[in-house]
Amino acid sequence: MSSYIIEGGNKLEGEINVSGSKNASLPIMAASILSGKTTTLYNVPNIYDTKTTQKILQLLGCRVNKKNGKIIINSKDIKSQEIPDEQMRKMRSSVVLAGALIGRFKNAIFSYPGGCDIGSRPIDLHLKGFQKLGINIEEDGGIIKCSCDKIIGNNIHLDFPSVGATENIILASVFAEGETIITNAAMEPEIVDLQNFLNKMGAKVKGAGTNVIKITGVKNLKDVSYNVMPDRIEAGTLLCMAAITGGEVLVNNVKIEHINPVIHKLEEAGAKILLDKNKIAIKSPKRLKAVDIKTMPYPGFPTDLQSIFASMLSVAKGSSMVVENIFENRYKYVNELRRMGAKITVEGKVAIIKGVRKLTSAQVNSTDLRGGAAMCTAALAAKGESTINNIEYILRGYENLDKKLTKLGAKIKLQQI
Ligand code: UD1
């Protein structure tokens, strides 16, 4: 078990670069399966989830090399279309490897994906989408076998704009006969990044970023090199961390339009924000004001920043209301935050936060990836030394968080037992 030891109470100050996006890198790495050729990726963060994806690609038969900040994946000699259960369980997004395997080989065997425990996370929309493309699905003892002779383009309407289902259907239909149209598609920027990557490789995907995506099947793909977009959730996390400490930080390498709702809420809470191309400067008051947030699919407020924002609001002046509309159980971190003196009550999807003047240091657990980041956020402001345990969750999604925070003046140590 690894922990972060954080001595709170230091203002974050200075300049920091955001890493490449986790949620864009994972489907793009999976998409490298499709070409049977060489994919060179820049800006992939060095985190547990990209390492797990790399491992799965290698187990399937890809050659993967990492050098000088780039990852080179050659998918010519894939021998297996079966994703090992042990790896499937490590993260939710292992499921997008299925779409890529089906797209290329018309065959994939996999089990239910694992990932953060933030509520039941079914994959029914992914499987219904595959079926609409003519893919046969058999399930036995938790093992799902997808196969078909032909993938045939179709109109697919998603009951909910699921990010993973949208990506999986795109991946499975890159070589389909005819045209696939996804309606009520997820509009997240990571899907636009996947589209841009696929099109650079020779695919024909249009409409990502809107709720209608059209994929016209192609016959071949080619070698590609691609620069992954910056991580909007990491950017938002760093801004909230700066804000809770009353700090003044310049966050570089951000696509401002990707985190508009977060910027607006930070301003509403009293932070001064300056925007310039791909940079965001934040200057925080001594004490923030309470604000209400509701998580929604993009372009709404991102569920992945709910816990981190709530943590920040736990010391704001007044009462804030948080509504979690995406995941059914994304408040597990609240119990841990209460150990630090936060006053939060939760009923169903609503959390009411009564801002306290100060948090106290404590020994707490990371309950999931973003819940862990929320604990770090609180610990940065709490007087005294806090220990955040189980940070394996945090290491799944944040690259060098301790080093970045140290650069900004925080006192944080990584302890590995
Ligand atoms: C992705 C992100 C995750 C983010 C989430 C929502 C990655 C690797 N992860 O997760 O960080 O929190 O989008 O922005 O990109 N659902 C179903 N059936 C399905 C699929 C989803 O009911 O077949 C439900 C889920 O249980 C959840 C909601 O739809 O309640 C949204 O899930 P989805 O958009 O699919 O999230 P992920 O792709 O898993």
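Predicted, not measured: the structure shown is a model, and the values here were computed from it.

Conventions we followed
- Residues numbered from 1 in each chain as written.
- Predicted model: local features only at pLDDT ≥ 70, side-chain atom pairs only at ≥ 80, totals over all residues.
- Heavy atoms only, no water.
- Helix = DSSP H or I, 4+ residues; strand = E, 2+ residues; numbered from the N terminus.
- Contact = heavy atoms within 4.5 Å.
- Areas by Shrake-Rupley, 256 points an atom, 1.4 Å probe, with all protein chains shown as cover.
- Lys, Arg positive; Asp, Glu negative; His and termini not counted.
- Charge placed at Lys NZ, Arg CZ, Asp CG, Glu CD.
- Domains from an automatic or database assignment.
- Salt bridge = Lys/Arg side-chain N within 4 Å of Asp/Glu carboxyl O.
- Polar contact = N/O pair within 3.5 Å; in protein donor to acceptor, adjacent residues only side chain to side chain.
- Nonpolar A, V, L, I, M, F, W, Y, C, P; charged D, E, K, R; others polar.
- Expected span 1.5 Å × (residues − 1).
- Buried < 20%, exposed > 50% of the residue type's maximum accessible area, 1.4 Å probe, protein only.
- Near = heavy atom within 4 Å.
- 1 Å grid on protein atoms, 1.4 Å probe; cavity = no way out; pocket = protein on both sides within 12 Å on 5 of 7 lines; lining within 4 Å.
- Sits in = over half its atoms within 2 Å of the grid points.
- Phe/Tyr/Trp six-rings, centres within 6.5 Å; stacked < 30°, edge-to-face > 60°.

So, the overall build of the protein
- Helix and strand counts for the protein stand at 14 helices and 23 strands.
- Counting only C-alpha atoms, the protein reaches 65 × 45 × 45 Å along its principal axes.
- Of the contacts formed within the protein by residues at least 6 apart in sequence, a portion of 72% connects residues at least 24 apart.
- For the protein, the computed accessible surface area is about 16,800 Å², with 47% contributed by carbon and sulfur atoms.
- One way to put it: in the protein the 56 positive side-chain charges average out to a point 4 Å from where the 40 negative ones average out.

A look at the domain arrangement of the protein
- When cut into domains, the protein gives domain 1 (2-19 + 230-416) and domain 2 (22-227).
- The interface of domain 1 with domain 2 comprises 26 residues on the first partner and 24 residues on the second.
- Joining domain 1 to domain 2, the criterion identifies 2 salt bridges.
- Between R232 and E190 there is a salt bridge, with its nearest N and O atoms 2.8 Å apart.
- On the surface where domain 1 and domain 2 come into contact, there are 6 residue pairs in polar contact (both at pLDDT 80 or more).
- Only α12 (369-381) and α13 (392-397) provide two or more residues apiece to the side of domain 1 that touches domain 2.
- For the side of domain 1 that touches domain 2, the leading source of residues is α13, giving 5 residues.
- Taken together, the residues that form the side of domain 1 that touches domain 2 break down as 10 nonpolar, 5 polar and 11 charged.

A word on helix α7 (residues 189-200)
- Here α7 is 12 residues long and its end C-alpha atoms lie 17 Å apart, about the 16 Å a rise of 1.5 Å per residue gives.
- Looking only at α7, the buried set comprises P189, E190, I191, D193, L194, Q195, F197 and L198.
- In the segment just after α7, G202 is the residue with positive phi, at about 110°.

Overview of the pattern of salt bridges
- Summed over all chains, the structure comprises 10 salt bridges.
- Here the salt bridges do not stand alone but share partners, grouping K22, D49 and R396 into one network.

What to know about the site of the ligand
- Taken together, 20 residues are adjacent to the ligand, and D124, L125, S162, D304 and I326 come closest.
- N23 has a polar side-chain atom sitting 3.0 Å from an oxygen atom of the ligand.
- Note that an oxygen atom of the ligand is positioned 2.8 Å from one of the backbone N or O atoms of V163.
- In a pocket analysis with a 2 Å cut-off to the grid points, the ligand is assigned to the largest pocket.
- Elements with a minimum of two residues in the shell around the ligand: α5 (124-132) and α6 (163-172).
- Of all the elements, α5 adds the most residues to the shell around the ligand, at 3 residues.
- Residues belonging to the shell around the ligand are distributed by class as follows: 7 nonpolar, 7 polar and 6 charged.
- Both domains that meet at the shell around the ligand, namely domain 1 (2-19 + 230-416) and domain 2 (22-227), each give it at least three residues.

Considerations on the side chain of S284
- Locating S284 in the fold gives a position in the loop between β16 (279-283) and β17 (293-294).
- By relative accessible area, S284 is classed as buried at 10%.
- If we skip the residues at most four places from it in the chain, S284 touches A242, A243, G246, G247 and A271.

Focus: the environment of K11
- Along the chain, the position of K11 falls in the loop between β1 (2-8) and β2 (13-17).
- Remark: the alpha-carbon pair of K11 and G409, spanning 398 residues in sequence, is separated by 7.1 Å.
- When near neighbours in sequence (up to four residues on either side) are disregarded, K11 contacts T245, G246, G247 and L408.

Here's the deal with the packing of aromatic side chains
- Going through the model one piece at a time under the given rule, you end up with 3 aromatic pairs.
- Ring geometry for F301 against F309: centres 5.1 Å apart, planes inclined by 80°, an arrangement best described as edge-to-face.
- Take F301: its relative accessible area is 5%, and that puts it in the buried class.
- Overall, F309 belongs to the buried group, its relative accessible area being 0%.

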